[in-house]
Amino acid sequence: MKQLIVILFAILSARGISAAEPPDSATVAVPQQTETPPSLRETTWSLRTNLLYDALAVPAIGAELYLGRNISVQCQWMYAWWSHRIKNFFWRIYGGDIGLRWWFGEIARRQPLTGHHIGVYAQTLIWDFELGGRGYMGGAPGSAIWERANFGGGIEYGYSVSVRERLNIDFSIGIGYIGGVCREYIPMCGYYAWQSTRKLHYIGPTKLEISLAYIF
């Protein structure tokens, strides 16, 4: 009898241990959560103004969106329509550009929209400049920007430096081509006498920028 009790106690103890320790086949694998890349968690973009254009009384505003992989797209628009007919003063221009940029260098890898960049751009504008004498007009004021404007494009290089948190200054220069129609005129007796109309084919600097950019 005593031996039977010992055997039963051993069997019950063995069953208790096996119940507390489930077999390997019952082990449930918990999948690991992968962290979402920063490029998918947030969007970096900037609102900017070209200080050179602003200094020339040509207000300009632009925006740039970081697409990831060191690539961004930017656009800019400017508009000024100052005139004084009595003094034959005209300072009028409107238009803009759109471009694609590639950022490179150590700083650009750490902080979007900062550091060296190269890119391509396309631009269009209508202008009319006269300072009391002979005037020059590109495109046709009063018409739509896509109808009789000057068009061009080129390549650019620049460097954007951080001056404060979220505040950058972007230095850029572009070289390219602008084509269209250019007219010359002279004010006479309250009228504007056309002197010549010629095709414009200009190759050289077509973009100069010192922009103040706030990064969001």
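The following paragraphs examine the structure supplied in this document. All figures in this text were calculated on a predicted structure; none of them were measured in a lab. (Residues numbered from 1 in each chain as written. Predicted model: local features only at pLDDT ≥ 70, side-chain atom pairs only at ≥ 80, totals over all residues. Heavy atoms only, no water.)

Moving on, we come to unusual backbone geometry. Backbone geometry follows two general trends: most residues other than glycine have a negative phi, and most peptide bonds adopt the trans configuration. A positive phi angle, near 65 degrees, is found at Asn70, a position not held by glycine. Within the element layout of this structure, Asn70 appears in the loop between strand S2 (60-68) and strand S3 (71-84). In this model, Leu113 sits at a positive phi of 65 degrees, which is unusual for a non-glycine residue. Of note, Leu113 is situated in the loop between helix H4 (106-110) and strand S5 (115-131). Taking the relative accessible area as the measure of exposure, Leu113 reaches 4% and is therefore buried. (Helix = DSSP H or I, 4+ residues; strand = E, 2+ residues; numbered from the N terminus. Buried < 20%, exposed > 50% of the residue type's maximum accessible area, 1.4 Å probe, protein only.)

One finds Tyr53, Val58, Ala60, Met78, Ala80, Ile93, Leu125, Trp127, Ile178, Cys182 and Leu200 forming the largest nonpolar core, which totals eleven residues. Once residues lying within four places of it in the same chain are set aside, the contact partners of Val58 are Tyr53, Met78, Tyr79, Ala80, Trp91 and Ile93. (Core = buried A, V, L, I, M, F, W, Y, C linked by side-chain atoms within 4.5 Å. Contact = heavy atoms within 4.5 Å.)

Moving on, we come to empty space enclosed by the protein. Any space left empty among the atoms is revealed by the rolling of a water-sized probe across them. Per the stated rule, a full pass over the model turns up one cavity of 30 Å³ or more. If you add up the space inside the largest cavity, you get close to 30 Å³. Taken together, Ser46, Arg48, Glu64, Trp103, Leu113, Ser160, Asn168, Ala213 and Ile215 make up the full set of residues lining the largest cavity. Of all the secondary structure elements, the ones that give two or more residues to the lining of the largest cavity are strand S1 (45-50) and strand S9 (191-215). (1 Å grid on protein atoms, 1.4 Å probe; cavity = no way out; pocket = protein on both sides within 12 Å on 5 of 7 lines; lining within 4 Å. Points joined across faces, edges and corners; volume = space filled by probe spheres on them.)

The space that makes up the largest pocket amounts to roughly 540 Å³. Around the largest pocket sit 26 residues that line it, and Tyr53, Met78, Ile93, Leu125 and Phe129 are the ones nearest its centre. Of all the secondary-structure elements, those providing two or more residues to the lining of the largest pocket are helix H3 (51-55), S3, strand S4 (89-104), S5, strand S8 (167-188) and S9. Sorting elements by how many residues they give to the lining of the largest pocket places S9 first, with seven residues. The residue makeup of the lining of the largest pocket, split by class, is 16 nonpolar, seven polar and three charged. (Nonpolar A, V, L, I, M, F, W, Y, C, P; charged D, E, K, R; others polar.)

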